[in-house]
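# Examining the three-dimensional arrangement
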Amino acid sequence: MPFARRMLVEERHWLSAEEFTDVLSLCQLLPGPNIVNVAVCVGARYHGVRGAIAAFAGLITAPFFIMLALGALYTQYGHLPTVSALFRGISAAAAGLVVAMGLKMATSRRLRSAMALFAVMTFIGIALMRLPLVVFLLGAVPLSVAATLWRAK
Amino acid sequence: MSEDALVQLATDFSVLSLIAVGGAITVLPEMHRSVVEVHGWMSGAQFAELFALAQAAPGPNILVVSLIGWKVAGLAGAVVATVAVCGPSCVLTFAVSRMWQRFRGARWRAAVEDGLVPVTVGLMLAGGYLITLSADDSWPAFATTAATAAFVLATRIHPLWLFGAAGLIGLAGWV
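Residues numbered from 1 in each chain as written. Chains lettered and ligands numbered in written order. Predicted model: local features only at pLDDT ≥ 70, side-chain atom pairs only at ≥ 80, totals over all residues.

## Topic: the overall build of chain B
- Regarding its fold elements, chain B presents seven helices and zero strands.
- In chain B, the order of α-helices and β-strands from amino to carboxyl end is α-α-α-α-α-α-α.
- Summarising its shape, the C-alpha atoms of chain B cover approximately 55 × 45 × 25 Å along the three principal directions. (Helix = DSSP H or I, 4+ residues; strand = E, 2+ residues; numbered from the N terminus.)

Here you go:
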């Protein structure tokens with residue numbers, strides 16, 4: 001995302017800094033990968049549907065083929081003892097990265113102390129009880145938004 | 001692989017697309033549930049490895065679905081999974097982006113933004129917990145996960161270096 005910001009705001013001047021912040025807040029709010037949403041928003045802004053499709057294709061095509069190449073290598077060589085040893089290490093680190101991202105967000109200013117209850121509930125519901133996400137979100141999101149509105153009164 | 005798998009990839013990942021509030025990582029628990037627990041397409045350890053591969057590679061993390069699709073149903077699976085996970089949310093984003101400016105400063109807009117934060121945090125922590133349990137089966141592996149998390153939190157080191165170091169630890173046969 002920092003790279004996307006530099007390209008859009010500083011190099012190409014497609015968006016001002018405020019417009020970028022506004023677009024980003026929308027894209028974080030909407031479902032889907034944030035960076036993909038940003039591409040769609042910016043594309044749509046300049047060239048409507050065609051712009052959105054072009055931006056999406058531009059963002060996704062090269063990484064998609066790289067991913068396929070890696071996937072092919074993995075299927076070919078993944079069962080070799082050396083490769084699987086390598087991957088045991090890397091997947092432990094990748095898990096650590098996710099843990100760190102979660103902790104970083106949990107300690108950020110945006111999570112107000114009283115609202116942390118909803119974070120705990122979400123963790124219990126999803127990680128421990130393994131509830132289906134759709135069902136859980138339909139219950140939890142309206143409650144959380146209502147609590148925010150109520151607290152803001 | 002059968003057409004059934006393609007249909008299931010398409011339906012499951014389209015739903016994921018529309019509930020991925022806060023980005024790709026938040027649907028990690030649900031992806032794990034669908035791929036490992038419901039359909040049994042792969043083991044938890046394989047899921048963790050594909051996820052690691054997607055994180056180490058350039059491009060959006062969500063492309064882990066391309067790898068999952070590839071593993072389940074080859075090239076067709078990769079294309080179906082990728083389009084399914086991006087399509088619905090892109091269409092929604094496209095539609096909403098046109099009217100969003102109008103609601104700048106609206107009270108409910110701020111409430112929706114703030115209200116989603118704790119749920120997103122809970123989902124990310126759940127994802128970290130589940131992927132750790134899938135990836136690690138020994139105490140040195142858990143230690144590697146903990147050390148990586150600590151380095152990411154405490155330093156500005158690029159994650160790829162940590163992946164490299166962890167790969168070496170793996171090669172040494174310690175995890």
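## Concerning the interface of chain A and chain B
- Of the residues lining the interface, 74 residues belong to chain A; the matching set on chain B comes to 87 residues.
- The leading source of residues in the side of chain A that touches chain B is helix 4 (residues 81–106) of chain A, at 23 residues. (Contact = placed C-beta atoms within 7 Å.)

## Description of helix 5 (residues 107–135) of chain B
All names here are of chain B.
- Here helix 5 is 29 residues long and its end C-alpha atoms lie 42 Å apart, about the 42 Å a rise of 1.5 Å per residue gives.
- When the local axis directions of helix 5 are compared, the greatest deviation, roughly 25°, occurs at Val117, which is followed within four positions by the proline Pro118.
- Burial within helix 5 is extensive, with 21 of its 29 residues counted as buried. (Expected span 1.5 Å × (residues − 1). Bend = angle between axes of the 7 residues up to and from the residue. Buried ≥ 20, exposed ≤ 12 C-beta atoms within 10 Å, placed from the backbone.)

## Description of the nonpolar core
- Within the largest apolar cluster, 100 residues are counted, with the highest numbers of intra-cluster contacts made by Ala39, Val40 and Phe56 of chain A together with Phe51, Val64 and Ala81 of chain B.
- Top contributing element to this core by residue count: helix 4 (residues 64–100) of chain B, with 16 residues.
- Val64 of chain B has contacts with Leu50, Phe51 and Ala54 of chain B, leaving out every residue within four places of it along the chain. (Core = buried A, V, L, I, M, F, W, Y, C linked by C-beta atoms within 7 Å.)

## Brief notes about the domain arrangement of chain A
- Entries for chain A in the domain assignment read domain 1 (2–111) and domain 2 (112–153).
- Each of domain 1 of chain A and domain 2 of chain A has a C-alpha centre, and these two points are 25 Å apart. (Domains from an automatic or database assignment.)

## Looking at the packing of helix 1 (residues 3–19) of chain B against helix 4 of chain B
All names here are of chain B.
- Where helix 1 meets helix 4, the closest approach of the two axes is 8 Å, and the angle between their N-to-C directions is 35°. Judged by the twist between their axes, the crossing of helix 1 over helix 4 is right-handed.
- Its residues placed into classes, the contact of helix 1 with helix 4 shows 17 nonpolar, six polar and no charged. (Axes fitted to C-alpha atoms, helices over the stretch in contact; angles between N-to-C directions. Left-handed = near helix turned anticlockwise from the far one by under 90°. Nonpolar A, V, L, I, M, F, W, Y, C, P; charged D, E, K, R; others polar.)

## Some points on helix 6 (residues 133–152) of chain A
- The terminal C-alpha atoms of helix 6 of chain A lie 27 Å apart, and with 20 residues this matches the ideal 28 Å at 1.5 Å per residue to within 8%.
- For helix 6 of chain A, every residue scored as buried is listed here: Leu133, Phe136, Leu137, Ala140, Ser144 and Thr148 of chain A.

## Looking at the environment of Val49 of chain A
Residue and element names in this part refer to chain A.
- The residue Val49 is located in helix 3 (residues 34–77) in this model.
- With 11 C-beta atoms counted inside 10 Å, the residue Val49 sits in the exposed group.
- The spatial distance from the C-alpha of Val49 to the C-alpha of Val98 is 34 Å, given a sequence separation of 49 residues.

## Observations concerning the packing of helix 2 (residues 17–29) of chain A against helix 3 of chain A
All names here are of chain A.
- Where helix 2 meets helix 3, the closest approach of the two axes is 9 Å, and the angle between their N-to-C directions is 130°. One finds that helix 2 runs oblique with respect to helix 3. As helix 2 packs across helix 3, the resulting crossing turns out to be right-handed. For the pair helix 2 and helix 3, contact is made by Val23, Leu24, Leu26, Cys27 and Gln28 and by Asn34, Asn37, Val38, Cys41 and Val42, respectively.
- A breakdown of the residues in the contact of helix 2 with helix 3 according to their chemical character gives seven nonpolar, three polar and no charged. (Parallel < 35°, antiparallel > 145°, perpendicular 65-115°, else oblique.)

## Digging into the environment of Gly71 of chain A
- Within the secondary structure, Gly71 of chain A is located in helix 3.
- The class for Gly71 of chain A is buried, based on 25 C-beta atoms found within 10 Å.
- C-alpha separation for the pair Gly71 of chain A and Ile90 of chain A, spaced 19 residues apart in sequence, amounts to 15 Å.
- Not counting chain neighbours up to four residues away, the residues in contact with Gly71 of chain A comprise Leu67, Trp70 and Lys71 of chain B.

## Focus on the confidence of the model for chain B
Residues and elements named next belong to chain B.
- When the pLDDT values of chain B are averaged, the result is 90; 98% of them are 70 or greater.
- Here helix 5 stands out as the least confident element of chain B, with mean pLDDT 89; helix 6 (residues 139–154) is the most confident, with 96.
- Scoring of the predicted complex yields 0.87 for pTM and 0.88 for ipTM. (pLDDT = per-residue confidence, 0-100.)

## What about the confidence of the model for chain A?
- On average, residues of chain A score 88 in pLDDT, and 99% of them reach the 70 mark or higher.
- Predicted confidence in chain A is weakest over helix 2 of chain A, with a mean pLDDT of 81, and strongest over helix 5 (residues 116–128) of chain A, with 94.

## Concerning unusual backbone geometry
Residue and element names in this part refer to chain A.
- One non-glycine residue, His13, lies in the positive phi region at around 55°.
- Here His13 shows up in the loop between helix 1 (2–11) and helix 2.
- What makes His13 exposed here is the crowd of 8 C-beta atoms within 10 Å.
- The residue Arg130 is not glycine, and still its phi comes out positive at about 55°.
- Relative to the assigned elements, Arg130 resides in the loop between helix 5 and helix 6.
- Judged by the 16 C-beta atoms lying within 10 Å of it, Arg130 is partly exposed.

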